[in-house]
Each structure stands twice: as C-alpha cells, then as structure tokens.
Amino acid sequence: MRAFVAAPVLALLWSGPLRADDPNPGRNRVATAENLPATWDVASGEGVLWSAELGTVTYGGPTIAGDLIVVGTNNERPRDPAVTGDRGVVMAFDRRNGSFRWQITHAKLDAGDANDWPLQGVCSTPSFDGQRLYYVSNRGELVVADVDGVVDWSFDMVGEWGVFPKHMAASTPLVAGDLVFVSTSNGVTDDGRVPAPEAPSFAAFERATGRPVWRDGSPGAGLIDGQWGSPSHGRAGGGAQVVFPAGDGWLYAFEPATGRALWRFDGNSALAAGELEQVGSRHVFVATPVFLEDTVYIAAGRDPEASLRAGILWAVDAGDGGDVTASGARWRFEDPDFGRAIATVAVDGGIVYAADLNGFLFALDAESGEKLWVYDALAPFWSSPLVADGKVYAADTEGDVAVLEHGPTLEVLAEIAMPRPVYTSPSTDGSVVYLATSETLYALVARASGGGADA
C-alpha cells in the first residue's frame, strides 16, 4: 500500500534559483557541477560538511547568495532571545562553515490563518541578483535586503493593493534587467469565494527603488485556488517575455517592460466537459514554469490538501500571441500514475524530470513528451528535482532523498533517509549540495570534510 504524508498546513514551497550568483531567469533547475555526493549519512556525519539549526518548519530556500546560504523558516527555535513568538524568519548562514550570520523577522498578519497560517514562517524562496536578496514575507510584502540583512525597501501588497493570500503568501521573485517580477498570492477563501477580484495577481517593480511599474489582475473573479507560483523569463516570438502561472489554471505571458499581454494558455483545456463544471476537478498552476528556448514546461496542480486527482504536464509554444490554447500545445503528458504537481520540472539533455504529489518522479522525452521511466518514492514530492553532475536529486515529504543517474534509463545510485521531512528544493554551488529539512540545513559533499561545523 502506498504511503502518503498529509500536508501539515496549507503553506507551500516553491523552488527558486539554483545559484543565486548565476541568475537563472528561465527557472530551469539544472546546474553545472563536479564531484557532487551520490550518498551521505547525517547520523555519522559522513559527507556532511556542516549543518545548521533552523526553525521547526522550513519552506523557503536554500538560496546561495555570495558567501551566504539563505532560507525561509519559522521562529520556533529563536536565534534572538528578544524576538520570540510566532514570526516569519529569513535566516542567513556562512556558506563555508554554516555559522549563523543574521536574520530578518516578520510579525504575523492580524487576519490569522485566513492569510497567514500559524507557525509556517516565510514560505518564499529568496532570489539573489549578486547584490541583494528578494523575497515575499508571510505578510505579503515584497522585501529587498542586502547581504548584511539590511532591508533596502519593501512593498506591502496586502496593505497597498488589498491582496488576499489564501492562507499564505509565497512566490519567488524574478529579477530581470532593471525590474523585479512577483506573483502577489491573491487567492480565494476556503469556500472558493474571491474576496479581492480587483486586486492584482502579477506585478513588476523597479529593482532599485521598489516603485511599481505595472500590475495585472487577469484571473480576477475566475480564481479557483491560491496563487503561490513564481514567474519565469525568456525570449520567444522575437522578444522578451515574463510568464506567470495563475490560480485559474491559465498561463499568462507579458512584455516585461510594459505589462502588455502577449499570450495566454488554458491548462484545463484537456479536461472533459463534466470535469470542467466541477471546481474540484480543475487544475491551477502552482509550479514555476520553466522557460527553455521557445518552450514553457509546467505541470498542473493544486494545493496539496486538495484531492489527489490525475495530473497533466504541458509543453507550450511561447512564440505566438493571443489565446494559444488550441495552437500552442507542443505536447501534453498524462499517465494513470501521474498526479497533480507543485514541483518545478528540470530539463536537461533532452529529458524532462517531473515530480508529483502522488510520489512519482517521471523522466520524459523533452521533444515528444514520451515517458522514459518512472521512480516511485512512496511519498509526495513538494521539493523540485535538481539535475547536476550527471545526477538527479529528488527529496520527498518523508525525508527520503533519491539520487538517480541522469539519463534515459532509470538507475538508482542511492536512497538516503533524512531525519525530518523535506519541503524545500536542493541547490548547489558547483561543489556542495545544500539541502534543508524542516528543521536543519545541511551542506553535503562527496567525501567527509574531516571536521565539519555545526552552527
């Protein structure tokens, strides 16, 4: 019998950049690396360069920011005795030895679990542009801070625009050129009502000043669920685009500088008429779209506490304009085992790796969508797979990490049990894998460090 792990609450994790000092606007979770570990043992310390204590729930990061590793967590194990109680926390650690450097904390919203679920901390994975960090706080603020933890500017999307996050605000901001793009997290109530249909869903800000440049509320009253996804950036059809996943099951593409609508794609177009009439059957886009050359890859999903229905993965042509639902699907993948997904895919060497909430990791042919192989983890994937050094790293919500050989044939190199669940996505700086469980951040190497540090 397959085992499933219930989501502790509705606050969700979205994957961010692999190397924050090497921006990845297309959001593809593939990194250049050498001599990364195929196995490790946290109990004995074998392969663990260092570890650092976090809160008790961790959804954001780990993000590499120069000499730092940055995560979003909660305040259940306070670093500052003067700052206690339930708060959202962004913590920064020294990349070399894991020593604690600084933190930024955020009080909870007065609305409580409607907009800011207890004990979930900061769920946004920070982005880094080489100088500053960008993240969305539990209060729905876009926050920009320097590498010393000093906040340069912030924008309150709840207070200024009336955004209504469903249980939690969570989006990984995208930095491209002079702008920073973010999903606002505007969503629905538990009974499906849209309290703020006029509030924007997507926005662009001046990177230097925080001045809003444009905003768009395309889903409006058509929202089905929360909007916790993150935008991606690429070039197709002769120009730059920024693509947003939406809580109505559509993808929306805009001209980055102006917010002019370029194209849109209905991710529910493959559902039968009877399914479309049922809100519970319809998908939204929670995962981050991967923009590679002129194709956008994304799996459909829902909040993990929704029913585990059959899912679908799309490869969408980003080169046309208008409603491309009929013409833009390069292929779609459906399989009896493939469920809804919140994880971002990774595409490398002509292979798409997609992890779902049913606990399966699929490898697909990137050109045709044909299934190459499937790995059964027996527990849901919230974490997005990482491809690096000829390996695929995939971590599930029971804390098991599969290390697989990258390629068209399934080969399991190792299955490693971590002491706590993993909701975050692994990252690498090229020689170290950084992996955060719900309570601990680990730096993992191909051989024992001979005296790593615990922070």
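Not measured: the values here are computed from a predicted model.

**Some remarks on the overall build of the protein chain**
Link 1 in the chain: Each helix and strand counted, the protein chain has 2 helices and 35 strands in total.
Link 2 in the chain: Computed over its C-alpha atoms, the radius of gyration of the protein chain comes to 20 Å, within 12% of the 23 Å expected for a compact globule of 455 residues.
Link 3 in the chain: Dimensions of the protein chain, computed from the C-alpha atoms along their principal axes, are close to 60 × 50 × 45 Å.
Link 4 in the chain: Counting all 455 residues of the protein chain, 62% fall into the buried class.
Link 5 in the chain: Restricting the contact set of the protein chain to residue pairs at least 6 apart, pairs at least 24 apart contribute 58%.
Link 6 in the chain: When the accessible surface of the protein chain is totalled, it reaches about 15500 Å², and 45% of it is carbon and sulfur.
Link 7 in the chain: With 31 positive and 59 negative side-chain charges, the protein chain shows a separation of 3 Å between the mean positions of the two kinds.

**What to know about unusual backbone geometry**
Link 1 in the chain: Here the amide bond leading from Gly61 into Pro62 is cis, since omega sits at 0 degrees, within 30 degrees of zero.
Link 2 in the chain: Relative to the helices and strands, Pro62 is located in strand β3 (residues 58–65).
Link 3 in the chain: One non-glycine residue, Ser185, lies in the positive phi region at around 80 degrees.
Link 4 in the chain: Relative to the assigned elements, Ser185 resides in the loop between β12 (179–183) and β13 (202–206).
Link 5 in the chain: For Asp389, which is not glycine, the phi dihedral falls at a positive 55 degrees.
Link 6 in the chain: On the basis of relative accessible area, Asp389 is assigned to the partly exposed category, the value being 25%.

**Topic: the pairing of strand β26 (residues 360–365)**
Every regular strand shows the same layout, with side chains that alternate between the two sheet faces.
Link 1 in the chain: With respect to burial, β26 is a largely interior element, 5 of its 6 residues being buried.
Link 2 in the chain: Two elements, strand β25 (residues 351–355) and β26, share 5 bridges in a ladder whose sense is antiparallel. Across the sheet, Ala355 pairs through a bridge with Leu361, a residue of β26.
Link 3 in the chain: Between β25 and β26, which pair antiparallel in sequence order, lie 4 residues; one of them, Gly359, sits at a positive phi of approximately 95 degrees.
Link 4 in the chain: Of the pairings in the sheet, the one linking β26 to strand β27 (residues 371–376) comprises 5 bridges and is antiparallel in character. Note that in β27 the partner of Ala363 across the bridge is Trp373.
Link 5 in the chain: Here β26 folds back onto β27, and the loop between the two strands holds 5 residues, one of which, Gly369, carries a positive phi near 80 degrees.

**Notes on the environment of Asn74**
Link 1 in the chain: Positionally, Asn74 belongs in strand β4 (residues 68–74).
Link 2 in the chain: For the pair formed by Asn74 and Thr125, sequence separation is 51 residues and the distance between their alpha carbons is 13 Å.
Link 3 in the chain: Polar contacts involving the side chain of Asn74 include one to the main-chain amide nitrogen of Thr56, which spans 2.8 Å.
Link 4 in the chain: A distance of 3.3 Å separates the side chain of Asn74 from the backbone nitrogen of Glu76, its partner in a polar contact.

**A closer look at the packing of aromatic side chains**
Link 1 in the chain: Using the criterion set out here, one finds 24 aromatic pairs in the structure.
Link 2 in the chain: Feature note: the residues Phe181, Phe202, Trp214, Phe244, Trp250, Tyr252 and Phe254 constitute an aromatic cluster, connected by ring pairs.

**A short note on the sheet that holds strand β1 (residues 30–31)**
Link 1 in the chain: Taken in spatial order, the 5 strands make up an open sheet running β1-β28-β29-β30-β31, and their pairing is mixed. Pairing within the sheet leaves two strands with one partner each, and these edge strands are β1 and β31 (412–417).

**Comments concerning the nonpolar core**
Link 1 in the chain: Counting residues in each nonpolar core, the largest one holds 19 residues, and the members touching the most others are Trp40, Tyr393, Met418, Leu435 and Leu444.
Link 2 in the chain: Secondary structure elements with two or more residues in this core: β28 (386–388), β29 (391–395), β30 (400–405), β31, β33 (433–436) and β34 (440–444).
Link 3 in the chain: Leaving out residues up to four positions away in the same chain, Leu444 has contacts with Pro37, Trp40, Gly47, Val48, Ser431, Val432, Val433 and Leu435.

**Here's the deal with the sheet that holds strand β20 (residues 295–299)**
Link 1 in the chain: In spatial order, the strands read β19-β20-β21-β23; together these 4 strands make up an open sheet with antiparallel pairing. In this open sheet, the two edge strands, each paired with only one partner strand, are β19 (290–292) and β23 (329–333). Going from strand to strand, the sheet's axes swing by 15 degrees on average, the running direction of each strand aside.
Link 2 in the chain: Note: β19 against β20, 3 bridges, orientation antiparallel. Bridging across to β20, Leu292 finds its partner in Thr295.

**Some points on the pattern of salt bridges**
Link 1 in the chain: What the rule picks out here adds up to 19 salt bridges.
Link 2 in the chain: Among the ionic pairs, Glu53 bridges to Arg77, the shortest N-O distance being 3.3 Å. Taken as a pair, Glu53 in strand β2 (residues 48–53) and Arg77 in the loop between β4 and β5 (87–94) lie far apart in primary sequence, 24 residues in all.
Link 3 in the chain: Glu53 sits in the partly exposed class, given a relative accessible area of 36%.
Link 4 in the chain: For Arg77, a relative accessible area of 24% gives the class partly exposed.
Link 5 in the chain: Residue Glu255 is joined to Arg260 by a salt bridge in which the shortest nitrogen-to-oxygen separation is 3.3 Å.
Link 6 in the chain: Judged by its relative accessible area of 25%, Glu255 is partly exposed.
Link 7 in the chain: Put simply, Glu53, Arg77, Arg420 and Glu439 are held in one network by salt bridges that share partners.

**Looking at the side chain of Thr440**
Link 1 in the chain: One can find Thr440 in strand β34.
Link 2 in the chain: Given the relative accessible area of 17%, Thr440 is considered buried.
Link 3 in the chain: Apart from the residues lying within four places of it in its own chain, the contact partners of Thr440 are Ser51, Ala52, Leu54 and Leu435.

**Quick look at the pairing of β4**
Link 1 in the chain: Counted residue by residue, β4 has 7 buried out of 7 residues, so it is predominantly covered.
Link 2 in the chain: Neither face of β4 is open: one carries Leu68, Val70, Gly72 and Asn74, the other Ile69, Val71 and Thr73, and all of them are buried.
Link 3 in the chain: Across 5 bridges, β3 lies against β4 in antiparallel orientation. Paired with Thr58 across the strands is Thr73, a residue of β4.
Link 4 in the chain: Here β3 hands over to β4 after 2 residues, with Gly66 in that stretch at a positive phi of 65 degrees.
Link 5 in the chain: Judged from the 7 bridges that link them, β4 and β5 form a sheet pairing that is antiparallel. Note that in β5 the partner of Gly72 across the bridge is Val90.

Here is what the cut-offs are and how they apply
Residues numbered from 1 in each chain as written. Predicted model: local features only at pLDDT ≥ 70, side-chain atom pairs only at ≥ 80, totals over all residues. Heavy atoms only, no water. Helix = DSSP H or I, 4+ residues; strand = E, 2+ residues; numbered from the N terminus. Rg over C-alpha atoms; globule rule 2.2 N^0.38 Å. Buried < 20%, exposed > 50% of the residue type's maximum accessible area, 1.4 Å probe, protein only. Contact = heavy atoms within 4.5 Å. Areas by Shrake-Rupley, 256 points an atom, 1.4 Å probe, with all protein chains shown as cover. Lys, Arg positive; Asp, Glu negative; His and termini not counted. Charge placed at Lys NZ, Arg CZ, Asp CG, Glu CD. Pairing = 2+ DSSP bridges. Polar contact = N/O pair within 3.5 Å; in protein donor to acceptor, adjacent residues only side chain to side chain. Phe/Tyr/Trp six-rings, centres within 6.5 Å; stacked < 30°, edge-to-face > 60°. Core = buried A, V, L, I, M, F, W, Y, C linked by side-chain atoms within 4.5 Å. Axes fitted to C-alpha atoms, helices over the stretch in contact; angles between N-to-C directions. Salt bridge = Lys/Arg side-chain N within 4 Å of Asp/Glu carboxyl O.

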